[in-house]
Amino acid sequence: MQIQPKNNHLQQLANAANTLTRFLGTRDLPKLTHNTLQSKYGFDHVDVLILFGGTIPFGCDVAAATWKRGLARHLMIVGGIGHTTQSLRDKFKARFPDMDTEDKPEAEMIADYLAQEHGIHDILLETKSTNCGNNVTYALARLREAAIPAKSLLIMQDPSMQRRMAAVFAKELQGQDTLIINYAPYRPYLTAKNGTLRFIRPYWGLWDIRHYVTLLLGDISRLRDDENGYGPKGKGFITHVDIPPEVETAFCLLNSSQLGTVRTANPAFSS
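Residues numbered from 1 in each chain as written. Predicted model: local features only at pLDDT ≥ 70, side-chain atom pairs only at ≥ 80, totals over all residues. Heavy atoms only, no water.

Comments concerning the pairing of strand E5 (residues 152-156)
- Burial analysis of E5 places five of its five residues in the buried class, the great majority of the element.
- Side-chain alternation along E5 places Ser152, Leu154 and Met156 on one buried face and Leu153 and Ile155 on a second face that is also buried.
- As paired strands, strand E2 (residues 46-52) and E5 are joined by four bridges and run parallel to one another. Bridge pairing in E5 places Val48 opposite Leu153.
- Looking at chain direction, E5 and strand E6 (residues 179-182) are connected through four bridges and run parallel. The residue of E6 that forms the bridge with Leu153 is Ile180.
- The parallel pair E5 and E6, bridged by helix H7 (residues 159-172), forms a crossover whose chirality is right-handed. (Buried < 20%, exposed > 50% of the residue type's maximum accessible area, 1.4 Å probe, protein only. Helix = DSSP H or I, 4+ residues; strand = E, 2+ residues; numbered from the N terminus. Pairing = 2+ DSSP bridges. Right-handed = clockwise from strand over helix to strand, strands pointing away.)

Let's talk about the side chain of Thr85
- Along the chain, Thr85 turns up in helix H4 (residues 85-95).
- Looking at Thr85, its side chain comes within polar contact range of the side chain of Glu106, at 2.7 Å.
- Other than its neighbours up to four places away in sequence, Thr85 contacts Gly80, Lys104, Glu106 and Met109. (Polar contact = N/O pair within 3.5 Å; in protein donor to acceptor, adjacent residues only side chain to side chain. Contact = heavy atoms within 4.5 Å.)

Brief notes about the environment of Arg142
- Residue position: Arg142 is located in helix H6 (residues 132-145).
- Assessed through its relative accessible area of 24%, Arg142 is described here as partly exposed.
- Once the C-alpha coordinates of Arg142 and Ile50 are considered, the two residues, 92 residues apart in sequence, prove to be 12 Å apart.
- Here Arg142 is in contact with Met76, Leu124, Leu125 and Glu126, once residues within four sequence places are set aside.

Re the nonpolar core
- Ile50, Phe92, Leu114, Leu153, Phe169 and Leu254 are the most contacted members of the largest nonpolar core, which totals 86 residues.
- Residue contacts for Leu114: discarding those within four places in its chain leaves Cys60, Ala64, Leu75, Ile77, Gly119, Ile120 and Ile123. (Core = buried A, V, L, I, M, F, W, Y, C linked by side-chain atoms within 4.5 Å.)

What about the sheet that holds E2?
- Within the open sheet, the five strands sit side by side as E4-E3-E2-E5-E6. Their pairing is parallel. Each edge of the open sheet carries a strand with a single partner, namely strand E4 (124-126) and E6. Averaged over all pairs of adjacent strands, the angle between their axes in this sheet comes to 25°, without regard to strand direction.
- Set on the sheet, helix H3 (residues 57-68) makes contact with E2, strand E3 (72-78) and E5; between it and E2 the angle comes to about 165°.
- Against the sheet, H7 contacts E2, E5 and E6, and its axis sits at roughly 150° relative to E5. (Axes fitted to C-alpha atoms, helices over the stretch in contact; angles between N-to-C directions.)

Observations regarding the pairing of E3
- The buried fraction of E3 is high, at five of seven residues.
- Pairing of E2 with E3 involves six bridges; the strand directions are parallel. Residue pairing for E3: Leu49 is matched across the bridge by Leu75.
- Note that E3 and E4 share three bridges and pair parallel. Paired with Ile77 across the strands is Leu125, a residue of E4.

Looking at helix H1 (residues 10-24)
- When the terminal C-alpha atoms of H1 are compared, their 21 Å separation across 15 residues agrees well with the 21 Å that a helix rising 1.5 Å per residue should span.
- Within H1, 11 of the 15 residues are buried, which leaves it mostly tucked inside the rest of the structure.
- Along H1, the residues classified as buried are Leu10, Leu13, Ala14, Ala16, Ala17, Asn18, Thr19, Leu20, Thr21, Phe23 and Leu24.
- Check the buried side of H1 and you find it contacts H7, strand E7 (190-193), strand E8 (196-199), helix H8 (209-223) and helix H9 (245-257). (Expected span 1.5 Å × (residues − 1).)

Some thoughts on the packing of aromatic side chains
- The tally for this structure, following the rule as stated, stands at 12 aromatic pairs.
- For the ring pair Tyr41 and Phe43, a centre distance of 5.9 Å and an interplane angle of 15° mean the geometry is stacked.
- Cluster of aromatic residues (ring-pair linked, three or more members): Phe92, Phe96, Tyr113 and Trp204.
- A cation over a ring is seen here: Lys91 above Trp207, with NZ or CZ 4.1 Å from the ring centre.
- Across from the ring centre of Trp204, 4.0 Å away, lies the NZ or CZ of Arg95, which sits over that ring. (Phe/Tyr/Trp six-rings, centres within 6.5 Å; stacked < 30°, edge-to-face > 60°. Lys NZ or Arg CZ within 6 Å of the ring centre and 35° of its normal.)

Digging into the pattern of salt bridges
- Following the criterion strictly, the structure yields six salt bridges and no others.
- For Arg73, the salt bridge is made with Asp47, and the minimal N-O distance between the two is 2.6 Å. Of the two residues, Arg73 sits in strand E3 while Asp47 sits in strand E2, which places them 26 residues apart along the sequence.
- Here Glu145 ties to Arg142 by a salt bridge, and the two come within 3.4 Å at their closest N and O atoms. Residue Glu145 and its partner Arg142 are both found in helix H6; the two are separated by three residues, about one turn of the helix.
- According to the relative accessible area criterion, Glu145 is exposed, its value standing at 63%. (Salt bridge = Lys/Arg side-chain N within 4 Å of Asp/Glu carboxyl O.)

Shown next as structure tokens:
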């Protein structure tokens with residue numbers, strides 16, 4: 001995955017993208033183990049691990065490994081048909097030509113993959129959500145419907161959306177005794193090499209650089225608590241999120257570079 005931007009500040013652009021990745025791809029633990037959970041929260045496994053469909057296939061492998069280590073009582077996959085669905089279908093189909101992906105929601109495709117590649121079958125699915133907001137509300141409704149106690153939730157999402165997902169959970173769970181633990185399953189960092197920008201580690205199914213930067217820029221815009229953002233002063237979809245100055249600086253540099261654009265919401269997947 002390579003791209004040649006028009007300006008000559010390649011490493012500055014890489015550093016700016018990495019700043020946004022670290023901020024948006026939040027992790028509440030340095031690594032996921034029984035010991036780190038016990039040390040920080042006083043328990044060594046969570047009630048539910050929730051993997052959201054916006055993630056790339058590599059994130060499915062991270063969730064599978066977490067589940068197999070016994071870090072959660074229940075595994076849930078959330079994702080209907082939204083703006084990331086066709087990309088996920090294409091990536092699974094390219095590696096597994098016999099896999100049935102046609103018209104399938106993201107949660108079903110991921111469940112098929114986890115069954116085939118990891119032998120995991122005991123999965124709770126939510127297949128109707130279409131965006132970050134109803135990913136959360138439908139997931140919580142599905143847990144209630146299944147009568148699964150959910151006092152601690154470990155959530156995994158594409159790093160571009162992890163912090164916003166946490167802010168949606170914070171809004172929906174206000175006043176409730178539920179702990180949300182964030183762990184972005186991968187963090188795609190960029191570097192400048194031989195006159196191009198490239199990912200340091202090419203995770204399976206990773207977006208191309210331009211699209212990934214577009215996702216990063218779009219989520220910073222959504223996190224803002226102003227009339228155009230998703231915070232309480234704007235659309236009210238999330239709780240207030242503080243955006244540090246260094247993140248704003250990185251956003252401005254990337255936004256002016258033409259390396260990516262601010263992704264606009266697709267009304268076809270709104271609700």
